[in-house]
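Working through the structure, step by step
Letter by letter, the chains look like this.
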Amino acid sequence: MYEYFYELTGNTILSTLIVAIFPLLNVLIVALIGVYLERKVSARIQDRIGPNRTGPFGLFQTIADFVKMLQKEDATAKDIDSKLYNIAPVLVFTGSFAVYAAIPFSSKLIGSEVEVGLFYVIAISSLVVGGILMAGWASNNKYSLLGAMRSAAQIISYEIPTAIIVLSIVMITGTLSLDKISNMQTAYFWNWNILGGAEFGLTKFLLIPFMIVGFIIIFISTLAEVNRTPFDIPEAESELVAGYFTEYCGMKWAMFMLSEYGNMFAVSAIVSILFFGGYHSPIGYLGNSLGIEWLIPFEQAFWFLAKGWTFILIQIWLRWTLPRLRVDQLMSLCWKYLIPYAFVNLIVIGIILLL
Amino acid sequence: MREYFRNTWLGIYTVLVGMKITFKHLFTPAVTIQYPEVKLKLPERERNRLYVNMDDCIGCDQCSRACPVNCIEIETVKSIPGEDLGVTSNGKKKALWVTKFNIDFAKCCYCQLCVFPCPTECIYMTDVFEFSEYNRNDLIYKFATLTEEEAKEKRINFEKFTAEKEAQKTAAAAKLKEDQKTAS
């Protein structure tokens, strides 16, 4: 993609900007449709109808909300630390958007084919903690600060099980490149990592239960990392107003929301790359069987988005099912359950791979 | 150790149970009533906006006297002989022109106390409850069927009639006196 635009424009900066537009568009669309789906699914789960006044089936509700947000006055409280206050939403959004640089949407649409993609993703997504702490501190508000502290504690704790599971995947695949990891699970769905990877043999069948455990652990911990219910204590509406973005309004608030939905899709994408074959189709390509080569990247993009949306839907489903965890329950879940299980999982996978 | 694994199992199992329940609810029809388009049928004895059927009203003023907040204003004019006001639906003869029958719904407390004393059952509660207005004066509902000119006419008629009667009376009294004089 980048090479194509580089040949077209002959300018490195311009071609980089053009390539960066696609993930940005993706984040915007995920936020637009995600908010709509969240409302609609929550309404259906609670036996309501949900938004249905703006456009057919209320489809334009989020667009109307976005227009409203654009028009809002940028009101700020008096005693805020205005420099940090203004940087924080940008930093949070940058942290969640930078993740997309290494995510392969299809074999042709990759921001950057870095060899240390996974490492980069885990590192750069920690930038969000800094932004959240900044927002909480600069708001000069007790609720904001409490939310920010909780968020920092939560994200740092839950990064450990995530990293351990990522490590076990890296042990199996032998690479940190997200593109290579997806390419290893090509062709059919029995080559997915959750079903033991592409190599056929005894190890594949021995790995399956441990990969399922690993998937459950990484799904729970990434859920906590993006502050989704049941792990939404940083923004717990009923106790902290809105957590670290209590004092924000208008477009700055919209940036926090945008980064939340961007994060949701990013972690869904990472989970689908690690365990569900990334952009590869589970049932073979139409382009291959018809002999149309240019169709394949589009199919890959379709499968990638489909997998990402599936996980987003599961996240929404979980959100409207489970109540919020208390802080002590949150910490005991991470340190007493997820981390020991992840460690045992890692060791067992190591032993299996030695066989 | 056993409790540890039990906790793990319970955690996963109960989450799955919850997810199954919410998944079922995803496909149950919504209970929402789309209010302005669809309205629930109100209960039989609901108390909302009053209505007065002026064809049946005999202008007895009982509802106005029963009202605890004095929101009903009635003015009547007696009819003169020869005028036919018709009868109410339960056969009572009307004897009064109702020139004014105003109910101020800004004051009304929807107690229904005015409904019970009505001898002809012409004032009753309807199921209309959406009648908010921007101006408070718009909430004064005028039920009288007579136009102002008609009401004026009736009043003048009645005054003429009483004046005539008075004149007749005085004439009769004077005649009586004269008769008595001549007799004595």
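Because the structure is a prediction, the values reported are computed rather than measured. (Residues numbered from 1 in each chain as written. Chains lettered and ligands numbered in written order. Predicted model: local features only at pLDDT ≥ 70, side-chain atom pairs only at ≥ 80, totals over all residues. Heavy atoms only, no water.)

**What to know about the state of the cysteines**
To keep it simple, the criterion reads: Note on disulfides: each one is a pair of cysteine sulfur atoms within 2.5 Å.
By the definition in use, this model includes zero disulfides over all chains. Left without a disulfide partner, cysteine 114 of chain B is nearest to the cysteine sulfur of cysteine 111 of chain B, which lies 6.2 Å away.

**Some thoughts on the sheet that holds strand 2 (residues 72–78) of chain B**
Residue and element names in this part refer to chain B. Definition in use: Paired strands, in this sense, are two strands between which DSSP finds at least two bridges. Elements are defined by DSSP. Helices are runs of H or I of four residues or more, strands are runs of E of two residues or more, and each kind is numbered from the N terminus. Lines fitted to C-alpha atoms define the axes, with helix axes restricted to the stretch in contact, and inter-axis angles between N-to-C directions lie between 0 and 180 degrees. Throughout, a residue-residue contact means that at least one pair of heavy atoms, one from each residue, lies within 4.5 Å.
Strand order in this open sheet of three strands is 2-3-5, and the pairing throughout is antiparallel. Two strands lie at the open edges of the sheet, namely strand 2 and strand 5 (140–142), each paired on one side alone. Each neighbouring strand pair of the sheet contributes to a mean axis angle of 15 degrees, computed without reference to strand direction. Across the sheet, helix 3 (residues 148–183) is in contact with strand 2 and strand 3 (96–104); its angle to strand 2 comes to roughly 45 degrees.

**Structural notes on the environment of glutamate 166 of chain B**
Our working definition: Only protein chains enter the accessibility calculation, which uses a 1.4 Å probe; a residue is then buried when its area is under 20% of its type maximum, exposed when over 50%, and partly exposed in between.
If you trace the backbone, glutamate 166 of chain B turns up in helix 3. For glutamate 166 of chain B, a relative accessible area of 49% puts it in the partly exposed group.

**Description of the environment of methionine 264 of chain A**
Residue and element names in this part refer to chain A. In this structure, methionine 264 sits in helix 11 (residues 250–275). Sequence-wise, methionine 264 and alanine 31 are 233 residues apart; in three dimensions their C-alpha atoms are separated by 9.4 Å. Setting aside anything within four residues of it in sequence, one finds methionine 264 in contact with Val226, Arg228, Ile312, Gln315 and Ile316.

**A look at a negative patch on the surface**
We apply this condition: Residues with no salt bridge and a relative accessible area higher than 30% make up the patches, which join like charges within 9 Å and nonpolar side chains (Val, Leu, Ile, Met, Phe, Trp, Tyr) within 5 Å. All accessible areas in this document rest on Shrake-Rupley with a 1.4 Å probe, and a residue is counted as covered only by the protein chains that are shown. One side-chain nitrogen of Lys or Arg within 4 Å of one carboxyl oxygen of Asp or Glu is enough to make a salt bridge. Charge counting treats Lys and Arg as positive and Asp and Glu as negative, with His and both chain ends excluded. Charged side chains are reduced to one point each, which is NZ for Lys, CZ for Arg, CG for Asp and CD for Glu.
Taken together, the side chains of Glu148, Glu149, Glu150 and Glu153 of chain B present a region of like negative charge at the surface. Position of glutamate 150 of chain B relative to the elements: it lies in helix 3.

**A few points about the confidence of the model for chain B**
All names here are of chain B. In plain terms, the rule: For every residue, the predictor states its confidence as a pLDDT score lying anywhere from 0 to 100.
For chain B, mean pLDDT is 85; residues scoring 70 or higher make up 99% of the total. Summarising per-element confidence for chain B, the mean pLDDT is lowest in helix 3 (84) and highest in helix 1 (residues 2–26) (89). In the model output, the complex is listed with pTM 0.77 alongside ipTM 0.77.

**Some details on the interface of chain A and chain B**
The cut-off we apply is this: Once two parts are brought into contact, the accessible area they lose, counted with a 1.4 Å probe and summed over both, makes up the buried area. For this classification, the nonpolar set comprises Ala, Val, Leu, Ile, Met, Phe, Trp, Tyr, Cys and Pro, the charged set comprises Asp, Glu, Lys and Arg, and every other residue, Gly included, is treated as polar.
Listed as interface residues are 18 residues of chain A and, on the opposing side, 18 residues of chain B. The junction of chain A with chain B conceals about 1700 Å² of combined surface from both sides, 59% of it contributed by carbon and sulfur atoms. On the surface where chain A and chain B come into contact, there are one salt bridge. Residue arginine 53 of chain A pairs with glutamate 37 of chain B through a salt bridge whose shortest N-O separation is 3.3 Å. Of all the elements in the fold, those that place two or more residues in the side of chain A that touches chain B are helix 2 (12–45), helix 13 (295–319) and helix 14 (327–354) of chain A. Tallying contributions element by element places helix 14 of chain A first for the side of chain A that touches chain B, with four residues. By residue class, the composition of the side of chain A that touches chain B is eleven nonpolar, two polar and five charged.

**Examining the packing of helix 13 of chain A against helix 1 of chain B**
Selection criterion: When describing relative orientation, an angle under 35 degrees is termed roughly parallel and one over 145 degrees roughly antiparallel, while 65 to 115 degrees is termed roughly perpendicular and anything else oblique.
For the pair helix 13 of chain A and helix 1 of chain B, interaxial distance at closest approach is 9 Å and the crossing angle is 95 degrees. Taken together, the axis directions place helix 13 of chain A and helix 1 of chain B in an arrangement best described as roughly perpendicular. Of the residues in helix 1 of chain B, those in contact with Ile314, Trp317 and Leu318 of chain A of helix 13 of chain A are Val15, Met19, Thr22 and Phe23 of chain B. A class-by-class count of the residues in the contact of helix 13 of chain A with helix 1 of chain B yields six nonpolar, one polar and no charged.

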